[in-house]
Amino acid sequence: MSTDATPAAHAGTDVMASLDDDGPRARLVIADISTDDAWMSITEAHATPLPAWR
């Protein structure tokens, strides 16, 4: 997985987030579904809770 933070050249993106709890640890997955291989995941324990973003 690339760690390049360069913005995509196209303006139309569809970014989604999901909690994947299939496995030994739940993971937060964030993906741009309009671009191949544009996703990242972290364990639920390391994800920032939504109220902390406000």
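Scoring rules and cut-offs
- Residues numbered from 1 in each chain as written.
- Predicted model: local features only at pLDDT ≥ 70, side-chain atom pairs only at ≥ 80, totals over all residues.
- Heavy atoms only, no water.
- Pairing = 2+ DSSP bridges.
- Helix = DSSP H or I, 4+ residues; strand = E, 2+ residues; numbered from the N terminus.
- Axes fitted to C-alpha atoms, helices over the stretch in contact; angles between N-to-C directions.
- Buried < 20%, exposed > 50% of the residue type's maximum accessible area, 1.4 Å probe, protein only.
- Contact = heavy atoms within 4.5 Å.
- Polar contact = N/O pair within 3.5 Å; in protein donor to acceptor, adjacent residues only side chain to side chain.

Peer 1: Describe the pairing of strand β1 (residues 15-20), and please don't skip the residues or the numbers.
Peer 2: Two elements, β1 and strand β2 (residues 27-32), share six bridges in a ladder whose sense is antiparallel. Its bridge partner lying in β2, leucine 19 is registered against leucine 28. Between β1 and β2, which pair antiparallel in sequence order, lie six residues; one of them, glycine 23, sits at a positive phi of approximately 145°.

Peer 1: Outline the sheet that holds β2, supporting the account with residue identities and numerical values.
Peer 2: An order of β1-β2-β3 is seen for the three strands of this open sheet, with the pairing classed as antiparallel. The sheet terminates laterally at β1 and β3 (39-43), the two strands that pair on one side only. Strand-to-strand twist of the sheet, defined as the mean angle between neighbouring strand axes without regard to direction, takes the value 15°. The pairing of β2 with β3 spans five bridges and is classified as antiparallel. Residue pairing in the sheet places arginine 27 in a bridge with threonine 43 of β3.

Peer 1: Mind laying out the environment of arginine 27, listing which residues take part and the relevant values?
Peer 2: Relative to the helices and strands, arginine 27 resides in strand β2. We classify arginine 27 as partly exposed; its relative accessible area is 32%. Arginine 27 sits 15 residues away from isoleucine 42 along the chain, and the two C-alpha atoms are 5.4 Å apart. If we skip the residues at most four places from it in the chain, arginine 27 touches Ser18, Leu19, Asp20, Ser41, Ile42, Thr43 and Glu44. Only 3.3 Å separates the side chain of arginine 27 from the side chain of serine 41, close enough to count as a polar contact.

Geometric values such as these leave the question of function open.
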